[in-house]
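# Structure at a glance
This is what each chain is made of:
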Amino acid sequence: MENLENKDIFEISEILLKDTKHILKDVSGYSLEELLDEIQKTDDNILEAIYSSEKIIKNSTLVKKGIYPYRALLSEKTVEYRRKKLNLQNNPYFKEWDENGIIIIEDFIPTQDFLNIQSQLNNEKKSGQSLNLSSNKQFLDLVNMCLATNYQGYHPSLGSEYIIHAPNDDQVNLHSDIFHPNLKIWLYINDCNIDNGPYSFVFKSHKKTPKMLEFIHKQGLIWDKGVDHPDFFKYNASALAIGSPRVLRSKNCTNENMDEINKELEKLDLPPVTIIKAKANTIIFTDTTGFHARGYAKPGSERYSLRNAFRINPFII
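Residues numbered from 1 in each chain as written. Predicted model: local features only at pLDDT ≥ 70, side-chain atom pairs only at ≥ 80, totals over all residues. Heavy atoms only, no water.

A full pass over the atoms with the stated rule returns 14 aromatic pairs. Note on phenylalanine 179 and phenylalanine 315: the rings are 6.3 Å apart at their centroids and 25° apart in plane angle, and the pair reads as stacked. Residue phenylalanine 179 is found in the loop between β3 (157–164) and β4 (183–188), and its partner phenylalanine 315 is found in the segment after β9 (302–310); the two are separated by 136 residues along the sequence. The class of phenylalanine 315 is buried, set by a relative accessible area of 9%. Measuring from ring centre to ring centre gives 5.0 Å for phenylalanine 232 and phenylalanine 233, while their planes differ by 85°; the resulting arrangement is edge-to-face. Residue phenylalanine 232 is classed as buried on the basis of its relative accessible area of 2%. (Phe/Tyr/Trp six-rings, centres within 6.5 Å; stacked < 30°, edge-to-face > 60°. Helix = DSSP H or I, 4+ residues; strand = E, 2+ residues; numbered from the N terminus. Buried < 20%, exposed > 50% of the residue type's maximum accessible area, 1.4 Å probe, protein only.)

The following block contains the structure:
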């Protein structure tokens, strides 16, 4: 594999997107070369934002020429490059992660250890309690494989999240967190069934296929126009909550439009939403660039889990 260490980001873009740059032109109508020329004309602040985790790029010309699908595809290719470079594809869960964007493992912690943790956490249900997993090699290996890094700067722990479901919770609307590969983890303290609002995920939706890139470009054009765009509130909760597109918002946040959502997913060549009912001691690793949601539950219902979110700059080589 070509060594990219000493090349600038524009040359890296040309190399990593060599076999897929035609898709970017199909999506936006502009070639990769035209977009890169435009990027080089921008000021340093915009340039820094483009090659970071920043969700919104405030430059209408770049948006029109496809800056959002470009960043999404380049981040995916950069992560793939790092994973191969670090030989992380040998992890036994690699294929599952690569194909589906999610890994589900039951009985993750040894039974007696888990029962002790469960008892302690259930004794006082609250958010903010921490479980240190620095000695759990499987956990560390999976985090590194999912993030495509051997970076040890993150804290290998999970924190308790005690949720009492409330009405009008926009998190139940199916959405993508951010444009680039990332990682969120949940470990269930207690069984999570349909009454608890189980996690929902669209398998394979983390992949930047041509249809997904079209969706991303469309969202970028909407964000650029803001609330004046006629479709703005179809995908966004408010003028401040942009960069994490919804797939057809349910106005009352009750998921009553799930049939319509699944039809929209079908247009993107994606499977229907999967509701993940899980027993206690099940851990879920998930790439939340893929479509996901907090499952709807009646107000007052509770869900108790341990969780963490990990993000690194997607453009690190």
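Following the structure, the description resumes.
Spatial ordering of the open sheet is given by β6-β5-β8, a layout of 3 strands whose pairing is antiparallel. The open sheet terminates on both sides in strands that have one partner only, identified here as β6 (274–275) and β8 (292–293). (Pairing = 2+ DSSP bridges.)

Counting residues in hydrophobic clusters, the biggest one holds 33 residues, and the most contacted among them are Ile39, Ile50, Tyr51, Ile67 and Tyr70. Elements that contribute at least two residues to this core include exactly α1 (9–16), α2 (21–28), α3 (32–40), α4 (44–50), α5 (60–64), α6 (67–85) and α10 (210–225). Tallying contributions element by element places α6 first for this core, with 7 residues. With near-sequence residues (within four places) excluded, isoleucine 39 lies in contact with Phe10, Leu47, Ile50, Tyr51, Leu62, Ile67 and Tyr70. Formed by 31 residues, the second largest nonpolar core is a distinct cluster that contains Leu88, Ile117, Leu131 and Leu187. (Core = buried A, V, L, I, M, F, W, Y, C linked by side-chain atoms within 4.5 Å. Contact = heavy atoms within 4.5 Å.)

For the rest of this paragraph, the subject is the packing of α2 against α10. Packed helices, taken two at a time, are described by their axes: the angle between them and the distance between them. Where α2 meets α10, the axes come as close as 9 Å, and the angle between the chain directions of the two elements is 45°. Here α10 runs oblique to α2, going by the angle between their axes. You can see that α2 and α10 cross each other, and the crossing is right-handed. Contact with α2, carried on its side by Ile23, Val27 and Ser28, involves Pro210, Leu213, Glu214 and His217 of α10 and no other residues of that element. (Axes fitted to C-alpha atoms, helices over the stretch in contact; angles between N-to-C directions. Parallel < 35°, antiparallel > 145°, perpendicular 65-115°, else oblique. Left-handed = near helix turned anticlockwise from the far one by under 90°.)

Our next topic: the packing of α6 against α10. The contact between α6 and α10 brings their axes to 7 Å, and the two run at 135°. One element, α6, and the other, α10, form an angle in the oblique class. α6 and α10 meet at a crossing whose hand is right-handed. Contacts between α6 and α10 involve Tyr68, Pro69, Ala72 and Leu73 from the former and Leu213, Ile216, His217, Gly220 and Trp223 from the latter. Within the contact of α6 with α10, the residues separate by chemical class into 7 nonpolar, 2 polar and no charged. (Nonpolar A, V, L, I, M, F, W, Y, C, P; charged D, E, K, R; others polar.)

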